[in-house]
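The residues making up each chain are set out below.
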Amino acid sequence: MDEIELGQATIVYDDPEEGTTEVTVDNEEVVYARDHWMLKSGTDDDGNDLMKQIPRDRVHSVERNVERFEDEASTVRNRVESFASEMRERLPVGGDGEHRPGDGRGSDDGPTRVPVTEADDRDDADEE
C-alpha cells in the first residue's frame, strides 16, 4: 500500500529476452513519448540517466496510483478549458451568429452590400 502513496507506476510488457515482465517504478521515472514507454533503468558511470524504451505494441498495461491519475486528468481538463476559452476569444461570432460585445468590431448594422452590374459591351461596340 505504501507504493501507491509514494506515487509509483507498474508497467507490464513483453521483453524479447525475459518474456512478460512487470516493473514498478516511481511515476517520475516513466514517461510516454514518440510511441514508446520510457523507464529510467539506472545511471552510467558519469551520473547520466539510462532509459529503457519499450514500444507501445509490447506494453500490456501501465497502472498508476489514483492521486497521479487525478492530477493528470485535472491537467487535461485545464488544457481543454484554456483552449476553449482561447477559441471563444478568437472567434468573431457567438453561437447565435451575432458579434460578441468587446470583440473590437464595434456595432454591426448588418451585411455590407456591394452592387454588381452587368459588364458593358461598349468596348466591343467602339471597335466596329
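Cut-offs and rules
- Residues numbered from 1 in each chain as written.
- Predicted model: local features only at pLDDT ≥ 70, side-chain atom pairs only at ≥ 80, totals over all residues.
- Heavy atoms only, no water.
- Core = buried A, V, L, I, M, F, W, Y, C linked by side-chain atoms within 4.5 Å.
- Buried < 20%, exposed > 50% of the residue type's maximum accessible area, 1.4 Å probe, protein only.
- Helix = DSSP H or I, 4+ residues; strand = E, 2+ residues; numbered from the N terminus.
- Salt bridge = Lys/Arg side-chain N within 4 Å of Asp/Glu carboxyl O.
- Pairing = 2+ DSSP bridges.
- Axes fitted to C-alpha atoms, helices over the stretch in contact; angles between N-to-C directions.
- Contact = heavy atoms within 4.5 Å.

Caption draft 1: Spotlight on the nonpolar core. The biggest cluster of nonpolar side chains holds nine residues, and these are Ala 9, Ile 11, Tyr 13, Val 25, Val 30, Trp 37, Leu 39, Ile 54 and Val 59. Listed by contribution, the elements that provide at least two residues to this core are strand S1 (8–15) and strand S4 (36–43). Here this core gets three residues from one element, more than from any other, and that element is S1.

Caption draft 2: Broad picture of the pattern of salt bridges. Per the stated rule, a full pass over the model turns up four salt bridges. In this structure, the salt-bridge partner of Asp 15 is Lys 52, at a minimum N-O distance of 3.1 Å. Of this pair, Asp 15 sits in strand S1 while Lys 52 sits in strand S5 (residues 49–55), placing them 37 residues apart in sequence. Three or more residues are tied together by salt bridges with common partners; here these are Asp 35, Arg 56 and Asp 57.

Caption draft 3: Inspection of the pairing of S5 at higher detail. Across seven bridges, the pairing between S4 and S5 is antiparallel. Note on S5: the bridge partner recorded for Leu 39 is Lys 52. As consecutive antiparallel partners, S4 and S5 are separated by five residues, and within that stretch Gly 47 has a phi angle of approximately 90°, a positive value.

Caption draft 4: Structural context of the sheet that holds S5. Here three strands make up an open sheet; going across it, the order is S3-S4-S5 and the pairing antiparallel. At either margin of the open sheet sits one strand with a lone partner, and together these are strand S3 (30–33) and S5. Mean inter-strand twist for the sheet, computed between neighbouring axes without regard to direction, equals 35°. Pairing of S3 with S4, which is carried by four bridges, proceeds in the antiparallel orientation. Bridge assignment links Val 30 to a residue of S4, and that residue is Leu 39.

Caption draft 5: Structural view of the sheet that holds S1. Reading across the sheet, the three strands line up as S2-S1-S6 and stay open at both edges, with antiparallel pairing between neighbours. The sheet terminates laterally at strand S2 (19–26) and strand S6 (59–64), the two strands that pair on one side only. If you compare each strand with its neighbour and ignore which way they point, the axes differ by 15° on average. Across eight bridges, S1 lies against S2 in antiparallel orientation.

Caption draft 6: Local environment of the side chain of Asp 15. Exposure remark for Asp 15: the relative accessible area of 11% places this residue in the buried category. When neighbours within four sequence positions are excluded, Asp 15 is seen to be in contact with Thr 21 and Lys 52.

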